[in-house]
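# Survey of secondary and tertiary structure
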Amino acid sequence: MLDKCPQCDYSLAGLPAAHTCPECKLRYDEASVAYQPDRRWRFFLYPAFLLAVMLVLTWDWWASVGRLNGWIIVSIVISASIVTVLVALGLRHYRVGPVVAAVVDGLYVRLGFGPGTVHPWTELDHPVRNLRSRKVIVPRKGKRRPLSIRDVFATEGDAHRLKAQIEQRISEATRRNES
Ligand SMILES: [Zn+2]
(Lines give C-alpha, C1' and ligand atoms only; values in the text may rest on other atoms or scores of the structure.)
Protein backbone atom coordinates (compact mmCIF):
# COMPACT_ATOMS: atom_id res chain seq x y z
CA MET A 1 0.00 0.00 0.00
CA LEU A 2 1.25 3.46 -0.83
CA ASP A 3 1.33 6.21 1.79
CA LYS A 4 2.20 8.88 -0.74
CA CYS A 5 2.07 9.23 -4.48
CA PRO A 6 5.36 8.06 -6.06
CA GLN A 7 4.97 10.56 -8.87
CA CYS A 8 4.09 13.78 -7.05
CA ASP A 9 4.56 12.96 -3.32
CA TYR A 10 0.95 13.86 -2.54
CA SER A 11 -0.10 12.19 0.71
CA LEU A 12 -2.50 9.32 0.07
CA ALA A 13 -3.30 8.82 3.74
CA GLY A 14 -7.00 8.28 4.33
CA LEU A 15 -7.74 7.51 0.69
CA PRO A 16 -8.91 4.07 -0.50
CA ALA A 17 -6.12 1.52 -1.16
CA ALA A 18 -7.11 1.45 -4.82
CA HIS A 19 -7.63 4.94 -6.14
CA THR A 20 -6.33 7.73 -8.35
CA CYS A 21 -3.92 10.35 -7.02
CA PRO A 22 -6.00 13.52 -6.59
CA GLU A 23 -3.00 15.63 -7.56
CA CYS A 24 -1.48 13.96 -10.66
CA LYS A 25 -4.07 11.26 -11.57
CA LEU A 26 -1.66 8.34 -11.21
CA ARG A 27 -3.75 5.17 -10.79
CA TYR A 28 -2.75 2.77 -8.02
CA ASP A 29 -4.20 -0.28 -6.27
CA GLU A 30 -3.78 -2.40 -3.12
CA ALA A 31 -0.75 -4.21 -4.53
CA SER A 32 1.08 -1.09 -5.72
CA VAL A 33 4.59 -0.69 -4.32
CA ALA A 34 7.15 2.08 -4.57
CA TYR A 35 10.87 2.14 -3.84
CA GLN A 36 13.12 5.12 -3.42
CA PRO A 37 16.31 5.77 -1.48
CA ASP A 38 16.00 6.96 2.12
CA ARG A 39 18.40 9.81 1.73
CA ARG A 40 16.82 11.90 -0.95
CA TRP A 41 18.63 15.01 0.31
CA ARG A 42 21.64 13.67 -1.56
CA PHE A 43 20.09 14.99 -4.71
CA PHE A 44 20.55 18.51 -3.43
CA LEU A 45 24.25 17.85 -3.72
CA TYR A 46 23.96 18.29 -7.48
CA PRO A 47 22.88 21.95 -7.36
CA ALA A 48 25.37 22.54 -4.54
CA PHE A 49 28.14 21.07 -6.67
CA LEU A 50 27.12 23.19 -9.68
CA LEU A 51 27.12 26.26 -7.49
CA ALA A 52 30.62 25.49 -6.24
CA VAL A 53 31.92 25.06 -9.80
CA MET A 54 30.25 28.34 -10.84
CA LEU A 55 31.84 30.16 -7.93
CA VAL A 56 35.31 28.83 -8.68
CA LEU A 57 34.97 29.79 -12.35
CA THR A 58 33.68 33.27 -11.49
CA TRP A 59 36.44 33.80 -8.97
CA ASP A 60 38.99 32.66 -11.51
CA TRP A 61 37.63 34.96 -14.18
CA TRP A 62 37.60 38.05 -11.97
CA ALA A 63 41.12 37.28 -10.81
CA SER A 64 42.39 36.73 -14.34
CA VAL A 65 41.04 40.02 -15.72
CA GLY A 66 42.43 41.83 -12.74
CA ARG A 67 39.10 43.11 -11.44
CA LEU A 68 38.96 41.15 -8.23
CA ASN A 69 36.57 43.23 -6.20
CA GLY A 70 35.70 41.68 -2.89
CA TRP A 71 32.15 43.01 -2.79
CA ILE A 72 31.30 41.60 -6.23
CA ILE A 73 32.45 38.11 -5.21
CA VAL A 74 30.54 38.42 -1.95
CA SER A 75 27.34 39.50 -3.70
CA ILE A 76 27.66 36.65 -6.22
CA VAL A 77 28.12 34.16 -3.37
CA ILE A 78 25.13 35.53 -1.47
CA SER A 79 22.77 35.65 -4.44
CA ALA A 80 23.83 32.19 -5.66
CA SER A 81 23.28 30.80 -2.16
CA ILE A 82 19.83 32.36 -2.00
CA VAL A 83 18.92 30.88 -5.40
CA THR A 84 20.18 27.44 -4.33
CA VAL A 85 18.20 27.51 -1.09
CA LEU A 86 15.03 28.59 -2.94
CA VAL A 87 15.48 25.86 -5.55
CA ALA A 88 16.12 23.26 -2.83
CA LEU A 89 13.02 24.37 -0.91
CA GLY A 90 10.93 24.29 -4.07
CA LEU A 91 12.10 20.78 -4.93
CA ARG A 92 11.89 19.43 -1.40
CA HIS A 93 8.50 17.84 -1.78
CA TYR A 94 8.26 17.58 -5.50
CA ARG A 95 9.79 15.36 -8.14
CA VAL A 96 13.25 14.88 -6.74
CA GLY A 97 15.31 11.74 -6.57
CA PRO A 98 14.97 8.36 -8.19
CA VAL A 99 11.82 6.33 -7.60
CA VAL A 100 10.31 3.22 -9.08
CA ALA A 101 6.72 2.11 -8.54
CA ALA A 102 4.57 -0.72 -9.81
CA VAL A 103 1.16 0.84 -10.36
CA VAL A 104 -1.99 -0.02 -12.30
CA ASP A 105 -1.04 1.21 -15.75
CA GLY A 106 2.63 0.32 -15.74
CA LEU A 107 6.01 0.71 -14.14
CA TYR A 108 6.60 4.29 -13.05
CA VAL A 109 10.29 5.16 -13.30
CA ARG A 110 12.00 8.42 -12.44
CA LEU A 111 15.77 8.54 -12.56
CA GLY A 112 16.49 11.76 -10.69
CA PHE A 113 15.00 15.08 -11.64
CA GLY A 114 12.14 15.46 -14.05
CA PRO A 115 8.64 14.09 -14.24
CA GLY A 116 9.38 10.38 -14.81
CA THR A 117 7.50 8.00 -17.07
CA VAL A 118 4.86 5.29 -16.71
CA HIS A 119 5.97 2.40 -18.92
CA PRO A 120 2.83 0.38 -19.79
CA TRP A 121 2.99 -3.28 -18.68
CA THR A 122 2.31 -4.51 -22.21
CA GLU A 123 5.49 -2.79 -23.43
CA LEU A 124 7.72 -4.55 -20.91
CA ASP A 125 9.33 -7.97 -20.88
CA HIS A 126 10.18 -10.21 -17.97
CA PRO A 127 12.77 -8.61 -15.69
CA VAL A 128 16.19 -9.91 -14.76
CA ARG A 129 17.78 -9.32 -11.37
CA ASN A 130 21.43 -8.49 -11.04
CA LEU A 131 22.44 -10.12 -7.79
CA ARG A 132 25.72 -8.32 -7.37
CA SER A 133 24.51 -4.76 -7.68
CA ARG A 134 20.95 -4.72 -6.32
CA LYS A 135 19.67 -3.91 -9.76
CA VAL A 136 16.65 -4.98 -11.77
CA ILE A 137 16.82 -4.86 -15.55
CA VAL A 138 13.48 -4.62 -17.34
CA PRO A 139 13.67 -5.28 -21.10
CA ARG A 140 11.35 -3.27 -23.30
CA LYS A 141 9.64 -4.65 -26.36
CA GLY A 142 10.85 -3.45 -29.74
CA LYS A 143 14.33 -2.10 -30.00
CA ARG A 144 14.15 0.26 -27.06
CA ARG A 145 16.79 0.30 -24.37
CA PRO A 146 16.00 -1.78 -21.28
CA LEU A 147 15.12 0.01 -18.05
CA SER A 148 17.85 -0.27 -15.47
CA ILE A 149 16.34 0.07 -11.99
CA ARG A 150 18.99 0.83 -9.37
CA ASP A 151 19.81 3.13 -6.47
CA VAL A 152 16.32 2.67 -5.05
CA PHE A 153 16.48 -0.65 -3.21
CA ALA A 154 17.49 -0.73 0.44
CA THR A 155 17.82 -4.53 0.48
CA GLU A 156 18.07 -7.53 -1.85
CA GLY A 157 14.55 -8.37 -0.71
CA ASP A 158 13.21 -5.09 -2.12
CA ALA A 159 14.73 -5.84 -5.53
CA HIS A 160 13.30 -9.35 -5.37
CA ARG A 161 9.80 -8.13 -4.43
CA LEU A 162 9.72 -5.56 -7.19
CA LYS A 163 10.89 -8.13 -9.75
CA ALA A 164 8.14 -10.54 -8.63
CA GLN A 165 5.51 -7.84 -8.87
CA ILE A 166 6.67 -6.77 -12.36
CA GLU A 167 6.45 -10.45 -13.48
CA GLN A 168 2.94 -10.70 -12.12
CA ARG A 169 1.70 -7.42 -13.61
CA ILE A 170 3.13 -8.28 -17.02
CA SER A 171 1.39 -11.69 -16.94
CA GLU A 172 -1.91 -10.09 -15.93
CA ALA A 173 -1.67 -7.45 -18.64
CA THR A 174 -0.83 -10.09 -21.26
CA ARG A 175 -3.80 -12.22 -20.16
CA ARG A 176 -6.11 -9.20 -20.32
CA ASN A 177 -4.86 -8.42 -23.82
CA GLU A 178 -5.50 -11.95 -25.03
CA SER A 179 -9.01 -12.28 -23.68
ZN1 LIG B 1 0.36 12.05 -7.63
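Residues take numbers from 1 onward in each chain, read along the sequence in its written order. With the structure being a predicted model, the display of local features is reserved for residues of pLDDT at least 70 and the display and counting of side-chain atom pairs for 80 or more, all residues being used for whole-chain, interface and lining totals.

### A word on the sheet that holds strand S5 (residues 106-110)
Within a sheet, neighbouring strands are paired by backbone hydrogen bonds and run either parallel or antiparallel to one another. Pairing within the open sheet is antiparallel, and its 4 strands lie in the order S3-S4-S5-S6. Only two strands of the sheet have a single partner each, and these edge strands are strand S3 (33-35) and strand S6 (117-120). Between one strand axis and the next, the sheet turns through 15° on average, direction left out of account. Note on pairing: two strands pair once DSSP finds at least 2 bridges between them. For the purposes of this entry, the term helix denotes a DSSP run of H or I that reaches at least four residues, the term strand denotes a run of E that reaches at least two, and both are numbered from the N terminus. Where strand S4 (residues 99-102) and S5 come together, 4 bridges link them in antiparallel fashion. Residue pairing for S5: Val99 is matched across the bridge by Arg110. The angle between two axes is taken between their N-to-C directions and runs from 0 to 180 degrees, where each axis is a line fitted to C-alpha atoms and a helix contributes only its stretch in contact.

### Thoughts on the sheet that holds strand S7 (residues 128-130)
Taken together, 3 strands build an open sheet; the order of strands is S7-S8-S9 and the sheet is antiparallel. In the strand order of this sheet, the two ends are held by S7 and strand S9 (147-149), each with one partner. Between one strand and the next, the sheet's axes are offset by a mean angle of 20°, whatever the strand orientation. Sheet strands touched by helix H3 (residues 156-178): S7 and strand S8 (135-138). Its angle to S8, the strand with the most contacts, is close to 20°. Note that contacts rest on C-beta atoms placed from the backbone: two residues are in contact if these are within 7 Å.

### A few points about unusual backbone geometry
Among all residues except glycine, the phi angle is most often negative; among peptide bonds, the trans geometry is most common. One non-glycine residue, Asp9, lies in the positive phi region at around 70°. Note that Asp9 resides in the segment before strand S1 (19-20).

### Re the nonpolar core
Considering soluble globular proteins, one finds that nonpolar side chains tend to be buried as a cluster. Counting 25 residues, the largest nonpolar core has Val100, Leu107 and Leu162 as the members making the most contacts within it. The set of elements that each furnish at least two residues to this core consists of S4, S5, S8 and H3. Here, a nonpolar core denotes buried Ala, Val, Leu, Ile, Met, Phe, Trp, Tyr and Cys residues that are linked to one another through C-beta atoms within 7 Å. Partly exposed residues are those whose C-beta has more than 12 but fewer than 20 other C-beta atoms within 10 Å; with 20 or more the residue is buried, with 12 or fewer it is exposed, and the C-beta atoms are placed from the backbone.

### Comments concerning the confidence of the model for the protein chain
The share of residues in the protein chain with pLDDT of 70 or more is 85%, and the mean pLDDT across the chain is 85. When mean pLDDT is taken per element in the protein chain, strand S2 (residues 27-28) scores highest with 97 and helix H1 (residues 45-64) scores lowest with 74. Predictor confidence is given residue by residue as pLDDT, running from a minimum of 0 to a maximum of 100.

### A word on the environment of Asp29
You can see Asp29 is positioned in the loop between S2 and S3. Classification of Asp29 by C-beta neighbours within 10 Å gives partly exposed; the count is 14. When the C-alpha positions of Asp29 and Ala18 are compared, they lie 3.7 Å apart, and in sequence the two are 11 residues distant. Those residues in contact with Asp29, other than ones at most four positions away along the chain, are Ala18 and Val104.

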